[in-house]
Amino acid sequence: MKFNTKAIHAGQENESTTGAVMPPIFQTSTYAQEAPNVHKGYDYARVGNPTRTALEKMIAGLEGATDGICFSSGVAAMDAIIRMLKPGDHVVTTNDLYGGSYRLFTEMFEPYGIEFSFVDMTELTKVEEAITDQTKLLWIETPTNPLLRIVDIERLTTLAKKHDILSAVDNTFASPYLQSPLELGADIAMHSTTKFLGGHSDVIGGAVATSNKKVIESLRFQIKTTGAVPGPMDCYLTLRGIKTLAVRVQRSVDNAKQVATFLENHPKVDVVHYPGSKKHAQHDLAKKQMKDFGAMVSFSLKDDSTEAASKMMSNVGVFTLAESLGGVESLVSHPASMTHGSIPKDVREKAGLMDSLIRLSVGIEDAEDLIKDLEQALNS
Ligand SMILES: *Cc1c(COP(=O)(O)O)cnc(C)c1O
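Predicted model only: the values in this text are computed from it and were never measured.

**Student:** Explanation requested: the packing of helix α3 (residues 74–82) against helix α4 (residues 99–109) in the structure shown.
**Tutor:** To characterise two packed helices, one gives the angle between the axes of the helices and the distance between these axes. One way to put it is that α3 packs onto α4 with a least axis distance of 11 Å and a crossing angle of 45°. It follows from the interaxial angle that α3 and α4 lie oblique. In this structure, α3 meets α4 at a crossing whose hand is right-handed. Along the contact surface, α3 presents V75, M78, D79 and I82, while α4 presents S101, L104, F105 and F109. Its residues placed into classes, the contact of α3 with α4 shows six nonpolar, one polar and one charged.

In structure tokens:
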């Protein structure tokens, strides 16, 4: 099956008693048993729920994995992956990382003795230098957030295999429509399904796709034991969103290209970060690794101040000033004070995250309206 077909049908069956085309929302906490432990595959809804199973099979199908495992949020999915490690273990990850991931790693796991090195993953030698005998995981995020650098998944997973290290890719920014980490050698693809997969800014969720038996076993055991499960309604909404993933993301990408070109030519704009731009440092890699260039665009202003960025962002009308991304509606945000507020200023600036940096999640409205909106906000 090709992708557009998979997004509708992967792992999906019509419901057996009624023929319902969409899986019912199995709003139940438990399941009747015929005799102790004799049941139809479900015993308690923390462990499993048919609506969740339908979503998990879809996620597996989209990522070309044997298994999908869904969580109550993206950070819950990451939390479970890192919990596979033990005190003394070491993780190498990128220095341009989703703020919530940085907070989870440094505030939750470092105190428990798991160590993290944050390096520029666009340089393979820096990653190789950071690897020690204790390194158990490469945590990759690409395109990176919010600077939209592109990291070479295939080269990094090859390096991980050479050192017998697991590799995981946070595939949230690309979505499975644009990028397939498992095909590029990764053991794990992780998603905040809150973003492009759900696609309508109405549900929080997370997912992991993998074909690695040990990882599957560990994550299934963890979700049963620690309980970060998504409810059936949330699974239904996410699955509903996924049905239109391919058309939504393609249109958002087409709009993002036009928005990026507009920004590149605007006199008040300093640097535009968009992998689709020929000026982007990893443009060729993006072309090779991704099906298209994504719906995220970020840019800094010549007047590099929080005030200038705030003024622009308070004047948008079609865009909405809000955290998050990947929905049908266009959003604008200020990473330095919002999503990346938990990263210390000196760490942020070292990575190139300027005070005036503005991040756009381009939705599926008409590109002309989006550009007009940005133009009036920049000129106001
Ligand atoms: C939003 C996001 C997360 C966290 O997901 P939640 O669903 O908000 O918990 C992780 N990684 C990336 C890249 C994200 O954008």
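**Student:** Explain the nonpolar core here, please?
**Tutor:** General note: in soluble globular proteins, nonpolar side chains tend to be found buried as a group. Counting residues in hydrophobic clusters, the biggest one holds 62 residues, and the most contacted among them are L263, V297, F299, M312, I358 and L360. Sorting elements by how many residues they give to this core places helix α9 (residues 245–264) first, with nine residues. Both domains that furnish three or more residues to this core are identified here as domain 1 (3–242) and domain 2 (246–379). Look past the residues within four positions of M312 in its chain and what remains in contact with it is F299, I358, L374, A377 and L378. Among the nonpolar cores identified, the runner-up in size contains 28 residues, and A77, Y102, L104 and L219 belong to it.

**Student:** Got a minute to help me understand the pattern of salt bridges in this structure?
**Tutor:** Once their charged atoms are close, side chains differing in charge can pair, the charge on each being opposite to the other. Taken as a whole and judged by the stated rule, the model has 11 salt bridges. Residue K136 pairs with D89 through a salt bridge whose shortest N-O separation is 3.1 Å. On the criterion of sequence distance, the pair formed by K136 in strand β4 (residues 135–141) and D89 in the loop between α3 and β2 (90–94) is long-range, its members being 47 residues apart. On the basis of relative accessible area, D89 is assigned to the buried category, the value being 11%. Here D366 makes a salt bridge to R251, at a shortest N to O gap of 3.5 Å. Taken together, the residues D366 in the loop between β12 (358–361) and α13 (367–379) and R251 in helix α9 connect sequence positions 115 residues apart. Overall, D366 belongs to the partly exposed group, its relative accessible area being 44%.

**Student:** Could you clarify how one ought to interpret the state of the cysteines in this entry?
**Tutor:** One covalent bond between the sulfur atoms of two cysteine residues makes up a disulfide. As enumerated under the stated definition, the model contains zero disulfides in all. Not engaged in a disulfide, the cysteine C70 finds its nearest cysteine sulfur in C235; these two sulfurs lie 5.8 Å apart. Since its relative accessible area comes to 1%, C70 is described here as buried.

**Student:** Is there a simple way to explain the packing of helix α2 (residues 50–63) against helix α8 (residues 232–242) in this structure?
**Tutor:** Where α2 meets α8, the closest approach of the two axes is 8 Å, and the angle between their N-to-C directions is 35°. Like other packed secondary-structure pairs, α2 and α8 cross with a definite hand, here left-handed. The residues of α8 that touch α2, namely those facing T51, R52, A54, L55, M58, I59 and L62, are P232, C235, Y236, T238, L239 and I242. By residue class, the composition of the contact of α2 with α8 is 10 nonpolar, two polar and one charged.

**Student:** Can you help me understand the sheet that holds strand β10 (residues 320–321) in this one?
**Tutor:** Where strands meet in a sheet, backbone hydrogen bonds hold them as pairs that are either parallel or antiparallel. Overall, mixed pairing links the five strands, which are arranged β8-β9-β12-β11-β10 in an open sheet. Unpaired on one side and paired on the other, β8 (269–273) and β10 mark the two borders of the sheet. Of the strand pairs in this sheet, strand β9 (residues 296–301) and β12 are connected by four bridges, and their pairing is antiparallel. By the bridge assignment, M296 is partnered in β12 with S361.

**Student:** Would you explain the packing of aromatic side chains in this entry?
**Tutor:** The geometry of an aromatic ring pair is captured by two quantities: the separation of the ring centres and the angle between the planes. Scanning the model with the defined rule gives six aromatic pairs in all. Each ring, one from Y31 and one from Y42, has its centre 5.5 Å from the other, and the planes form 35°; the classification is tilted. Placement of Y31 in the loop between α1 (3–9) and α2 and of Y42 in the loop between α1 and α2 is noted, with a sequence separation of 11 residues between them. The class for Y42 is partly exposed, based on a relative accessible area of 21%. Between F116 and F118, the aromatic rings sit 6.4 Å apart at their centres with planes inclined by 20°, giving stacked as the arrangement. According to the relative accessible area criterion, F118 is partly exposed, its value standing at 27%. Cluster of aromatic residues (ring-pair linked, three or more members): Y102, F105, F116, F118 and W139.

**Student:** Where do I start with the sheet that holds strand β7 (residues 206–210) in this structure?
**Tutor:** Taken in spatial order, the seven strands of this open sheet run β1-β7-β6-β5-β4-β2-β3, and their pairing is mixed. Where the open sheet ends on each side, the last strands, each with one partner, are β1 (67–71) and β3 (115–119). Taking the axes of each pair of neighbouring strands and ignoring which way they run, one obtains an average angle of 20° across the sheet. With five bridges connecting them, β1 and β7 associate as antiparallel partners. Note on β7: the bridge partner recorded for F71 is G206. Along the sheet, α3 makes contact with β1, β3, β4, β6 (188–192) and β7, crossing β6 at roughly 150°.

**Student:** Quick question: what am I supposed to make of the site of the ligand here?
**Tutor:** Within the structure, the ligand sits among S73, G74, V75, Y98, D170, T172, F173, S192, T194, K195, G205 and L325. Interatomic distance of 2.7 Å between a side-chain N/O atom of D170 and a nitrogen atom of the ligand. One of the side-chain nitrogen or oxygen atoms of K195 is found 2.8 Å away from an oxygen atom of the ligand. In isolation the ligand has 380 Å² of accessible area, and contact with the protein removes 93% of it. Broken down by class, the residue content of the shell around the ligand amounts to four nonpolar, six polar and two charged.

Procedures and definitions
Residue positions are counted from 1 within each chain, in the order its sequence is given. Where totals are concerned, whole chains, interfaces and linings use all residues; where local detail is concerned, this predicted model gives features only for residues with pLDDT of at least 70, and gives and counts side-chain atom pairs only at 80 or more. Hydrogens and waters are ignored; side-chain quantities use all the structure's heavy atoms. Axis definition: a line fit to C-alpha positions, over the contact stretch in the case of helices; interaxial angles, taken between N-to-C directions, run 0 to 180 degrees. Runs of H or I in DSSP of at least four residues are treated as helices and runs of E of at least two as strands, each being numbered from the N terminus. Should an angle lie under 35 degrees it is considered roughly parallel, over 145 roughly antiparallel, and from 65 to 115 roughly perpendicular; all remaining angles are considered oblique. Each crossing gets its hand from how the near helix is turned against the far one by less than a right angle, where anticlockwise is left-handed and clockwise is right-handed. We call two residues in contact whenever any of their non-hydrogen atoms come within 4.5 Å of each other. Just so you know the grouping, Ala, Val, Leu, Ile, Met, Phe, Trp, Tyr, Cys and Pro go in nonpolar, Asp, Glu, Lys and Arg go in charged, and all remaining residues, Gly too, go in polar. The criterion is simple. A nonpolar core is a set of buried Ala, Val, Leu, Ile, Met, Phe, Trp, Tyr and Cys residues joined through side-chain atoms within 4.5 Å. Throughout, exposure labels follow a simple rule: accessible area from a 1.4 Å probe, protein chains only, divided by the maximum for the residue type, with under 20% read as buried, over 50% as exposed, and the rest as partly exposed. For each domain, the first and last residues come from an automatic or database assignment. Between Lys or Arg on one side and Asp or Glu on the other, a salt bridge is scored when a side-chain nitrogen of the former is within 4 Å of a carboxyl oxygen of the latter. The term disulfide is used for any two cysteine sulfur atoms that are within 2.5 Å. A pair of strands is considered paired only if DSSP assigns at least 2 bridges between the two. Centres within 6.5 Å make a pair out of two Phe, Tyr or Trp rings, where for Trp the six-membered ring is used; the pair is then stacked when the planes are under 30 degrees apart, edge-to-face when over 60, and tilted otherwise. One heavy atom within 4 Å of a molecule or strand makes the whole residue count as near it. The definition of a polar contact used here is a pair of N or O atoms within 3.5 Å, where within protein one atom must be able to donate a hydrogen and the other to accept one, and adjacent residues in sequence count solely through side-chain atom pairs. For every accessible area listed, the method is Shrake-Rupley and the probe measures 1.4 Å; residues are considered covered only by the protein chains on display.

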